[in-house]
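Listed here are the chains, written in short residue letters.
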Amino acid sequence: MPDNTIANRNSLVAYLSQAYLLPLIFKEPCPPVRQFAPLWPPMEELNCGKGHSRSLSRVTQIPLLALQNAVRTYFLGLEDRPKIEWENRALTMPSSGMLAMTCPALDQLSVQDERDFLRTLQFFMLGTVAEAIRAIDRRPFDDDELTFVRYRMQGVVTARKICSLYLFGEPVPPSGILRPGIVVLALPPWEFGVGDFQLLAARRTFAKGELDRENTHGPMWGNPTKLWAMLYDTCRVSGYRWFVITTYEQWIFGNWSLDWTGIDMTPPLPFDKTCGMTLAEILVFWTQSAHNKVRYWHLAPNAD
């Protein structure tokens, strides 16, 4: 009779179903984390040039139960075929009953600045998910294409670092063509609070031209509005219609419509509380969907 304990111990599906994130450990001189982050500085690059306009007009919310059913269906289809090769240490997220947190890994949770934050995000979630996808796709250990590649984003006026961009997909030229891939916008938690996430994820509509330029004589754009403009520009340039927004402590998963007028997105998901699925499972599912490897989820509907 087979040893189901050993079989389960080597199952990537079982590992991901129990994988979890531990809380960040903030240390001085890390800025304080607030419900609403301080207002970002002006970003001149977010003002559309003459003849250009952002077409986003409607934001709708993804029902979590529907997402849970799709994620569960996807992983049930994999069964126990993808196996964990434990000599490869790229799976770093702890997993109940399978992988405990080591002292060196615990050190990765200490965050003093933006560099520490990005290191922690990459070490735990992004690195683990990239390795899981490599195993699912049966690609070799040294396959450099299956990785989240980081780019820098900042405001023009103050050069203050706000947001980092990760792309997971084929290298693309600066155009708006549809390509298989996913955008991850990563913000330190002191730059985008829980209240900011709630405003970002709320169902809403945008008037024509509302996201084109910040008012020069009226109230400045709030951080969620600036992030909408960042997200639109990043996804249009890359051609990727699937995206993730995260501060490590909060996560949103979404995608664009074919004509870039509509968005479907989840409500904010805290790092330590998900319903019937882990964040690692969702990110694997969302990334594979973005690469046309999964047929259980579709693009958002056009707003018109």
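What counts as what
- Residues numbered from 1 in each chain as written.
- Predicted model: local features only at pLDDT ≥ 70, side-chain atom pairs only at ≥ 80, totals over all residues.
- Heavy atoms only, no water.
- Buried < 20%, exposed > 50% of the residue type's maximum accessible area, 1.4 Å probe, protein only.
- Helix = DSSP H or I, 4+ residues; strand = E, 2+ residues; numbered from the N terminus.
- Contact = heavy atoms within 4.5 Å.
- pLDDT = per-residue confidence, 0-100.
- Pairing = 2+ DSSP bridges.
- Expected span 1.5 Å × (residues − 1).
- Salt bridge = Lys/Arg side-chain N within 4 Å of Asp/Glu carboxyl O.
- Axes fitted to C-alpha atoms, helices over the stretch in contact; angles between N-to-C directions.
- Parallel < 35°, antiparallel > 145°, perpendicular 65-115°, else oblique.
- Nonpolar A, V, L, I, M, F, W, Y, C, P; charged D, E, K, R; others polar.
- Core = buried A, V, L, I, M, F, W, Y, C linked by side-chain atoms within 4.5 Å.

## A word on helix H6 (residues 194-201)
Each full turn of the α-helix corresponds to 3.6 residues, which orients residues three or four apart in the same direction. Buried residues of H6: Gly 195, Asp 196, Phe 197, Leu 200 and Ala 201, and no others. On its buried side, H6 packs onto strand E2 (58-61), helix H7 (223-238), strand E8 (242-246), strand E9 (250-256) and strand E10 (262-265).

## Regarding unusual backbone geometry
In this structure, the amide linkage connecting Glu 28 to the following residue, Pro 29, adopts the cis form with an omega of 10°. Take Pro 29: it is sitting in the loop between strand E1 (25-26) and E2. Of note in the backbone geometry, Arg 138 takes a positive phi value of approximately 60° without being a glycine. Relative to the helices and strands, Arg 138 resides in the loop between helix H5 (114-136) and strand E4 (149-154). A relative accessible area of 68% means that Arg 138 is categorised as exposed. In this structure, Asn 292 is a non-glycine residue whose phi angle is positive, near 60°. On the secondary structure map, Asn 292 appears in the segment after helix H8 (279-290).

## Considerations on the confidence of the model for the protein
Confidence in the prediction for the protein averages 86 pLDDT; 87% of positions are at 70 or higher. Mean pLDDT across the secondary structure elements of the protein bottoms out at helix H1 (residues 4-9), with 52, and peaks at E9, with 98. Segment residues 1-7: pLDDT under 50, and one contact once partners within four positions in sequence are set aside and those in other chains are kept. Predicted confidence for residues 154-159 stays below pLDDT 50, and this span has 12 contacts to residues more than four positions away or in other chains.

## Side note on the pairing of E8
Within E8, five of the five residues are buried, which leaves it mostly tucked inside the rest of the structure. Neither face of E8 is exposed, since Trp 242, Val 244 and Thr 246 on one face and Phe 243 and Ile 245 on the opposite face are all buried. Counted along the chain from E8 to the antiparallel partner E9, the turn is three residues long, and its residue Tyr 248 has a positive phi close to 75°.

## As for H7
Helix length check: H7, at 16 residues, gives a terminal C-alpha distance of 22 Å against a target of 22 Å (1.5 Å per residue), a fit within 8%. A large share of H7 lies buried, amounting to 13 of its 16 residues. Just downstream of H7 lies Gly 239, where phi reads positive at about 80°.

## Quick word on the pattern of salt bridges
All told, the structure shown has six salt bridges when counted by the stated rule. A salt bridge links Glu 131 to Arg 134, with the shortest nitrogen-to-oxygen separation between them at 2.8 Å. Placement of both Glu 131 and Arg 134 in helix H5 is noted, with a separation of three residues, approximately one turn of the helix. Note on Glu 131: relative accessible area 10%, which makes it buried.

## Let's talk about the environment of Ile 252
Its place among the elements puts Ile 252 in strand E9. Overall, the relative accessible area of 0% leaves Ile 252 in the buried class. In this structure, the C-alpha to C-alpha distance between Ile 252 and Leu 269, residues 17 residues apart in sequence, is 6.3 Å. In contact with Ile 252, other than residues within four places in its own chain, are Phe 197, Leu 200, Ala 201, Phe 243, Val 244, Ile 245, Met 265, Thr 266, Pro 267 and Pro 268.

## Notes on the packing of helix H3 (residues 64-78) against H8
Contact geometry for H3 and H8: axes closest at 10 Å, N-to-C directions at 80°. Classified by the angle between their axes, H3 and H8 sit roughly perpendicular to one another. For the pair H3 and H8, contact is made by Leu 67, Ala 70, Val 71, Arg 72, Tyr 74 and Phe 75 and by Glu 281, Ile 282, Val 284, Phe 285, Trp 286 and Gln 288, respectively. Within the contact of H3 with H8, the residues separate by chemical class into nine nonpolar, one polar and two charged.

## What to know about the nonpolar core
Generally speaking, soluble globular proteins have nonpolar side chains that are buried together. The biggest cluster of nonpolar side chains holds 61 residues, and the ones touching the most others in it are Met 125, Phe 148, Trp 251 and Trp 286. Residue assignment for this core shows that the elements contributing at least two residues are helix H2 (12-18), H3, H5, strand E5 (161-169), strand E6 (181-186), E8, E9 and H8. In terms of residues, this core owes the most to one element, H5, which gives 12 residues. Discounting residues that sit within four places of it in the chain, Phe 148 has contacts with Gln 122, Leu 126, Val 129, Ala 130, Tyr 166, Leu 167, Phe 168, Ile 182, Val 184, Leu 283 and Thr 287. Ranked by size, the runner-up nonpolar core spans 34 residues in total, among them Leu 211, Met 230, Tyr 232 and Ile 245.

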